[in-house]
Amino acid sequence: MADQQKQQVQWFPGHMAKTRRKIREMLPLVDAVTVLLDARIPESSQNPELADLIGGKPVLYLLNKCDLADEAITSRWIEYWKTQGRTALAVDCRSGKGLRQFRPAIRALCKERIRLNEEKGMAGRALRVMVVGIPNTGKSSFINRMAKESKARVEDRAGVTRSNQWFVIDGGMELLDTPGVLWPKFEDPEVGDKLAFTGGVKDQVVDVELLAMRLLAILAKHYPDMLSNRYRMTELDGLTDYELLELLGKKRGMLVRGGEVDTLRAATTLLDEFRAGKLGRLSFEAPPAEGACADD
């Protein structure tokens, strides 16, 4: 069943291919690219095709939802990427945390473009920045926060933005919003799981109970205190993934006629509360040089 679950965590609707074409078409119009990532899964939330799509454009990475991730691990990611010549900021687009650094960072990355504009007598020309990322990484929330009004539609689920939109922000910049784009196939099935955990893949295309069991297995192994604090789940050693899900349902009183546990309700509750940050701050991935990832 686990193999079946891994096969199910695949999602590449027709509009994804259209989005890739749009990105290629619009790149000549922009000076830089901002890539939104989920701070809990910085590697898994990167589309491996984006590097080829973006080409040589300056890139700023935003580790969004940093309030849900382990702060120390996020800091290590930023330092690690700095050694790789990549610029990244830890941000929370809903609250605005860290976004004051956005404009200075873009201007630093685009200093050569700014110099050329000044030489051509276009010192006041706005810098154009394309905003890209996989679904549910917070692109619309980022643009809304920067534009200081809700011009882009925002929902906490995958696949909302459908067309390219321009937004003018303070500081002489324009942002180009693009729909979230996944890649045709997840080579590593664990990447699909992580994206499904965090909402980057629609729940409608996965088995929610199996997904919750995989998440519970990781939490029981690496973050047992979270299960104890949130659900009063203790003595987890030796329990199967299904028994963990049943235990959660029992602790929450999710019983149906006959005393059986409503495992679907328990699974949905776990995923919803995890995504809302109610279990606490955690990261599934650490920088390669720092040792094994949280779920290894």
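Residues numbered from 1 in each chain as written. Predicted model: local features only at pLDDT ≥ 70, side-chain atom pairs only at ≥ 80, totals over all residues. Heavy atoms only, no water.

Undergrad: Which residues make up the pairing of strand β3 (residues 87–90), and what values do they have?
TA: In this sheet, β3 lies alongside strand β2 (residues 59–64) in parallel orientation, the contact comprising four bridges. Directly across from L63, in β3, lies its bridge partner A90. Since β2 and β3 lie parallel, the crossover through helix α4 (residues 71–83) that links them has a hand, and here it is right-handed. (Pairing = 2+ DSSP bridges. Helix = DSSP H or I, 4+ residues; strand = E, 2+ residues; numbered from the N terminus. Right-handed = clockwise from strand over helix to strand, strands pointing away.)

Undergrad: An account of the sheet that holds strand β6 (residues 173–177) is requested, with residue identities and associated values reported.
TA: Spatially, the six strands line up as an open sheet ordered β3-β2-β1-β4-β6-β5, and their pairing is mixed. The strands lining the two open edges of the sheet, one partner per strand, are β3 and β5 (165–169). Looking at each pair of strands side by side, their axes are set apart by 25° on average, direction ignored. Across five bridges, strand β1 (residues 32–38) lies against strand β4 (residues 127–133) in parallel orientation. The residue bridging V33 from the neighbouring strand is M130, located in β4. (Axes fitted to C-alpha atoms, helices over the stretch in contact; angles between N-to-C directions.)

Undergrad: Explain the side chain of E273 residue by residue, including any values.
TA: With respect to the helices and strands, the residue E273 is situated in helix α12 (residues 263–275). Its relative accessible area of 10% is what places E273 among the buried residues. For E273, the contacting residues outside a window of four places in its chain are R230, Y231, R252, K278 and L279. (Buried < 20%, exposed > 50% of the residue type's maximum accessible area, 1.4 Å probe, protein only. Contact = heavy atoms within 4.5 Å.)

Undergrad: Go over the packing of aromatic side chains with me, naming the residues and quoting the values.
TA: Tallying each qualifying case throughout the model produces six aromatic pairs. Their ring planes at 65° and their centres at 5.7 Å tell us that F274 and F284 sit as a pair that is edge-to-face. Residue F274 is located in helix α12, and its partner F284 is located in the segment after α12; the two are separated by 10 residues in the primary sequence. Its relative accessible area of 3% is what places F274 among the buried residues. Given a relative accessible area of 0%, F284 falls into the buried group. Every member of this aromatic cluster is reached through a ring pair, and the members are Y61, W77, Y80 and W81. A cation over an aromatic ring shows up here: R86 above the ring of W81, its NZ or CZ 4.4 Å from the ring centre. Between R128 and the ring centre of W166, over which it is positioned, the NZ or CZ distance is 4.4 Å. (Phe/Tyr/Trp six-rings, centres within 6.5 Å; stacked < 30°, edge-to-face > 60°. Lys NZ or Arg CZ within 6 Å of the ring centre and 35° of its normal.)

Undergrad: Run through helix α7 (residues 139–147), naming residues and quoting values.
TA: Of all nine residues in α7, eight are buried, a share of seventy percent or more. Those residues of α7 that fall on the buried side of the exposure criterion are K139, S140, S141, F142, I143, N144, M146 and A147. Summarising the contacts, the buried residues of α7 are in contact with β1, β2, α5 (102–109), β4, β5 and β6. One or two positions beyond α7, positive phi appears at K148, with a value near 60°.

Undergrad: Provide a residue-level description of the pairing of β4, including the pertinent values.
TA: Counting buried residues along β4, six of its seven residues qualify, which places the element largely inside the surrounding structure. Strand direction decides the pairing type here: β4 and β6, joined by five bridges, are parallel. Among the inter-strand pairings, L127 is bridged to a residue of β6, identified as M173.

Undergrad: So what about the environment of D225? Which residues, and what values?
TA: If you trace the backbone, D225 turns up in helix α10 (residues 224–231). Through-space distance from the C-alpha of D225 to that of G280 is 9.8 Å; in sequence the pair is 55 residues apart.

Undergrad: Provide a residue-level description of the packing of helix α9 (residues 208–222) against helix α11 (residues 241–251), including the pertinent values.
TA: Relative to each other, α9 and α11 sit at 95°, their axes nearing to 8 Å. Judged by the angle between their axes, α9 and α11 are roughly perpendicular. Between α9, through E209, A212, M213, L216, A217 and A220, and α11, the contact on the second element is made entirely by D241, Y242, L244, L245 and L248. The residue makeup of the contact of α9 with α11, split by class, is nine nonpolar, no polar and two charged. (Parallel < 35°, antiparallel > 145°, perpendicular 65-115°, else oblique. Nonpolar A, V, L, I, M, F, W, Y, C, P; charged D, E, K, R; others polar.)

Undergrad: Account for the nonpolar core, naming residues and giving values.
TA: Formed by 36 residues in total, the largest nonpolar core has its most connected members in L215, L216, L219, M233, L270 and F284. Of all the secondary structure elements, the ones that give two or more residues to this core are α8 (189–198), α9, α10, α11 and α12. Here this core takes nine residues from α9, the largest share from any one element. Setting aside anything within four residues of it in sequence, one finds L219 in contact with P224, L227, L270, L279 and L282. (Core = buried A, V, L, I, M, F, W, Y, C linked by side-chain atoms within 4.5 Å.)

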